[in-house]
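Observations on the model geometry
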Amino acid sequence: MAEVKKRAFDMVREPGTTKPCLKCKWGIEDPTDPSVGQCTSGRTTEGGVWKRLIHDYYNTTCAKFTEGEVDFRDHV
Amino acid sequence: MAKRAENVQYRGKVVEFPFDNPAEENVPDESLHEHLARPTTERTKRLKARCRWKHAAAGEFVEDNVKGGIERMRLITEAHKQSDGKPEIIRRALGLANILTGTIVLQEDELIVGYHAENPNWIPLYPELSYMAVQDYIQSKYAPQPVEEAKEINNYWTKHSLQGHCQPYFTQEELSQMYQVSTMEAPSFASGYNSIVPPYETVLEDGLLKRIELAEQHIREARTQIAAPYWNADERLQLLSKIDCWEAMIIADKAVISWARRHARMCKLVAEHFETDAQRKEELLMIADICQRVPAEPCKGLRDGMQAKWFTYLLCHAIDRYASGYAHKEDKLLFPYYQISVTEKSFQPMTHQDAVELVECERLKVSEHGAGKSRGYREIFPGSNDLFILTVGGLNSDGTDGCNDMTDAILEAARNIRTTEPSIVFRWHPKGRAQTKKLVFECVRDGLGYPSIKHDGIGTAQMMYYGRFSKNNNGATPEEAHDWANVLCMSPGLVGRRKTQKTRSEGGGSIFPAKIMEITLNNGYDWSYSDMQLGPKTGEISEFKTFEDLWEAYRAQYQYGMSMVIRAKDISRHFEARFLQMPFVSSIDDGCMELGIDAMELSEQPNGWHNPITTIVAANSLVAIKKLIYDEKKYTLEQLDDALHSNWEGFETMQRDFANAPKWGNDDDYADELIKRFYEDIISGEMRKITNYSGGPVMPTGQAVGLYMEVGSRTGPTPDGRYGGAVADDGGISPYMGTDKKGPTAVLKSVSKIDASTQKANLLNQRLSVPIMRSKHGLTIWLAYMKTWYELNIDHVQFNVISTEEMKAAQKEPEKHGDLIVRVSGFSARFVDISTYGQNSIMARTEQTFGAEDYEFLGVNL
């Protein structure tokens, strides 16, 4: 079987983290299940967003964590 | 100064394009639309100025005051607990009755009254549908208050909700695949999303008191039959559930009458004790009289009709259960009352202008209507409230022109007041009268993005086709087949006293061919968004020795998704019939009343469909792969795989080759033949192998709404040359933005190659030049275009007529361009309420200008 090529992301699941994606400005909820999230930090050169699913929105974190919100105009 | 269209050499002469309105020569392009609104009266001008918009974008509400209300949650839960042990359908009726004891709202200036939450800035929530959708509100800034009570209520419904009933029939992996909305849309049982075509006609023609009498009579007859000698179990046990159904109808209808009459009492109270303006006092007393009579009694005039319709709308779309849409054939429904009030002036006498004002008031009520939708649906209609789409035009059931003076009033109101909602569908037939088509043109030319145009003949033939599959042999008759409206933005469904679509489980929901393309090239695995298996293992790219190998792998991935989503809809339908009955809707459906079967269970006219969205990205990708890899052998699949996983970085020449491969929409036989096969063999062919709850096939309704942006953001780079995260194609059959380079008639030629009878519908977005459309030749050119469109047997077309200059100006100063409306796809939106990237994607759509070749093909005389 061919090696599965994955997209480079430094998300890590850390139960009880104080910097969860839930509180990060780049995180938004999944369209259906609010315990799952979407990371919007991946921005394209045209100003779009290339999202990444966050399987555990409450307990995942990464080095890009920044508190706050992003205006709807800067989302997709 | 405004920009004029360039002169064209055509049939031996130079054709110039002066503006139809000479004054527009001096209106700058950047501010054209700010000069176009002309509300009919000071009242509607005031109502628009204070309109409580509920637009959403990127999952958030644009206005600050919007939030979830708690009252509906509280009242339905209270009733559910108190009715434990009663038949489920009776519990549903008692639930509605309790909700209708809640707060009613009367606002200043309005001629049509009624709101569906306890505060006109708030929206009701539906824990009995999806506990996840409500949880999303609870953990957001829109949380209903007190939030602890909301949490308790939502916890109660976790096991009782539609979502709670349906989920156990799927594996966790299947649920994760659907819920993330990347290859498939989440099932309605998880999102709470819904649609319905209420039988308005019955309410307006009969009144609810008559419906109660009918139900009481049926119960008497059933009880007599049950008690008669000689007991026969097979025949008579089935009467028990029918009796419950009719009893539930009576409970629901009595509660609705009582609720409407509370509005009457409130209007009278305010008129007699608080209102100081004499004219408004008189208006309130008239509204009180109307609400006392309707919907209890049949309507007698146009004001009655509008109010009865509005009450019915609130009940079917928001109070009893959430449903998107505003499906009805409004001109046909209201024309008898227009004749009474405007033509004959025998009851509620008024002028045509008064009727236009009334429609403007209706448009502003719809514009204030907020929906407690899940986050997913707050993402995908950016710049608007929800999908509210009414239909006009077409032919009557006797074959005569369906356009009438009520049609004109509806179109004039839309043109005058300029709101994004409700959108309008115009059913185009050659018999349609010229004065109405001119109004359609004026709305389109003014940049409203609607009416969107449907081919009348295709829609009517489709209703006949589906009727053949009726489980009780009572599908659409040839006369009934003419009575259709779009259920939401694209798909026809019957209107009338029975046989209408009552739930989205019958038709609706989406599947995403672009993401399916991506996972097909990765053995069903999603490397770019969810890092999980999203489909079956259909082979590594090394196994695709021929193009047909890839084609069949794609087919398998698509069928996996399609079978899952229809299974989800039918499981939902199964539980809707058991726990989510709608006794009020059943009471106003002649079939439900006659047969004693609830609207969620009964299906007389199948109408199964599902929406492929992002199809052209997949189609163009297949064309590029076939040409560059299998035909010309310029690249290998392995090289393509490396390029895609690098998001084309380091593979720029290759990206340009794939981006420059033949594209849809240019009348290019290489691309068009393959894409025709894709639409007919896979997109439609695989879907039609499925049989749904109603016994009919499921057919594809290609469209996009804002999902082309959302799914694009979850889709990695694709072989059409697209980068990861970029938007997908913005319609069901629209060329990808900027790739249609051979003019508007080349687009029509491409689209016409697909056999429309194999599809339920296909959305074609076209952007037309402002200077051409606003020139003195605009109407002539557009009518010729529409004639050609109709003769080519194309299902649909909708238009943006908006300049890039104005859109850029609106980006810089959004506060000055609040009236700028754009057609996103299937709905219109306020431009400044869309994300910047979304705005840019609309600007990137090809602005079609017409050249001499186009005029020749259209046969225009200029």
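For the structure, see preceding data.
Here's a quick rundown of the structure. (Residues numbered from 1 in each chain as written. Chains lettered and ligands numbered in written order. Predicted model: local features only at pLDDT ≥ 70, side-chain atom pairs only at ≥ 80, totals over all residues.)

Our focus in this paragraph is the overall build of chain A. Within chain A one finds zero helices and five strands. Shown N-terminal to C-terminal, the secondary structure of chain A runs as helices and strands in the order β-β-β-β-β. Taking the principal axes of the C-alpha coordinates as reference, chain A spans close to 45 × 35 × 25 Å. Counting the 76 residues in chain A, one finds 45% classified as buried. In chain A, the share of contacts with a sequence separation of at least 24, taken over all contacts with a separation of at least 6, comes to 55%. (Helix = DSSP H or I, 4+ residues; strand = E, 2+ residues; numbered from the N terminus. Buried ≥ 20, exposed ≤ 12 C-beta atoms within 10 Å, placed from the backbone. Contact = placed C-beta atoms within 7 Å.)

Residue and element names in this part refer to chain B. Pairing within the open sheet is parallel, and its four strands lie in the order S12-S15-S16-S17. Edge strands, defined here as strands with exactly one partner in the open sheet, are strand S12 (507-511) and strand S17 (761-762). Across three bridges, S12 lies against strand S15 (residues 609-612) in parallel orientation. Bridging across to S15, Ile511 finds its partner in Pro612. Each of S12 and S15 touches helix H22 (residues 547-579); the most contacted strand, S12, lies at about 145° to it. (Pairing = 2+ DSSP bridges. Axes fitted to C-alpha atoms, helices over the stretch in contact; angles between N-to-C directions.)

Attention now goes to the pairing of strand S18 (residues 765-768) of chain B. All names here are of chain B. Residues Asn765 and Arg767 of S18 are buried on one face, and the alternating residues Gln766 and Leu768, pointing to the opposite face, are buried as well. Judged from the three bridges that link them, S18 and strand S19 (residues 796-800) form a sheet pairing that is parallel. Across the sheet, residue Arg767 finds its bridge partner in S19, namely Asn800. Direction of pairing for S18 relative to strand S22 (residues 847-848): parallel, over a ladder of two bridges. From the neighbouring strand, Leu768 faces S22, where its bridge partner is Gln848.

Moving on, we come to the interface of chain B and chain A. Counting from both sides, the interface comprises 41 residues of chain B and, opposite them, 27 residues of chain A. Listing elements by their share of the side of chain B that touches chain A, those giving two or more residues are helix H4 (131-138), helix H8 (188-191), helix H17 (375-379), helix H29 (707-713) and helix H34 (836-843) of chain B. Residue contributions to the side of chain B that touches chain A peak at four residues, all from H34(B). Residue composition of the side of chain B that touches chain A, by class: 16 nonpolar, 17 polar and eight charged. (Nonpolar A, V, L, I, M, F, W, Y, C, P; charged D, E, K, R; others polar.)

Now for the sheet that holds strand S3 (residues 37-39) of chain A. Residues and elements named next belong to chain A. Taken in spatial order, the three strands line up as S2-S3-S4 in an open sheet, and their pairing is antiparallel. With partners counted over all chains shown, the strands left at the sheet margins are strand S2 (27-29) and strand S4 (52-54), one partner each. This sheet shows a mean twist of 35° between the axes of neighbouring strands, independent of strand direction. Bridge count for S2 against S3 is three bridges, and the pairing is antiparallel. Bridged to Ile28 within S3 is Gln38.

Position of B:Tyr630 among the secondary structure elements: in helix H25 (residues 615-631). In this view, B:Tyr630 contacts B:Thr546, B:Phe547 and B:Ile625; residues no more than four positions away in its chain are not counted.

Looking now at the nonpolar core. By size, the foremost hydrophobic cluster in this structure holds 263 residues, and its most contacted members are B:Ala252, B:Val256, B:Ile389, B:Ile410 and B:Phe831. Top contributing element to this core by residue count: helix H12 (residues 238-273) of chain B, with 13 residues. In this structure B:Val256 touches B:Leu100, B:Leu208, B:Pro295, B:Leu315 and B:Phe584, once residues within four positions along its chain are discounted. Membership of the second largest hydrophobic core comes to 12 residues, among which are A:Met11, A:Cys21, A:Cys24 and A:Ile54. (Core = buried A, V, L, I, M, F, W, Y, C linked by C-beta atoms within 7 Å.)

What follows covers the packing of helix H2 (residues 71-82) of chain B against helix H3 (residues 88-99) of chain B. Residues and elements named next belong to chain B. Put simply, H2 and H3 touch, their axes get as near as 8 Å, and they point 140° apart. By the angle class used here, H2 and H3 are oblique. Between H2 and H3 the crossing geometry is right-handed. In this structure, H2 uses Arg72, Leu75, Ile76, Glu78, Ala79 and His80 to contact H3, whose residues at the interface are Arg91, Leu94, Gly95, Asn98 and Ile99. Classifying every residue of the contact of H2 with H3 by side-chain character gives five nonpolar, three polar and three charged. (Parallel < 35°, antiparallel > 145°, perpendicular 65-115°, else oblique. Left-handed = near helix turned anticlockwise from the far one by under 90°.)

Residue and element names in this part refer to chain B. Cis rather than trans, the peptide bond between Gln145 and Pro146 has omega equal to -5°. Along the chain, the position of Pro146 falls in the loop between H4 and helix H5 (147-160). Although it is not a glycine, Val181 adopts a positive phi angle of roughly 55°. Residue classification places Val181 among the buried positions, given that 23 C-beta atoms sit within 10 Å.

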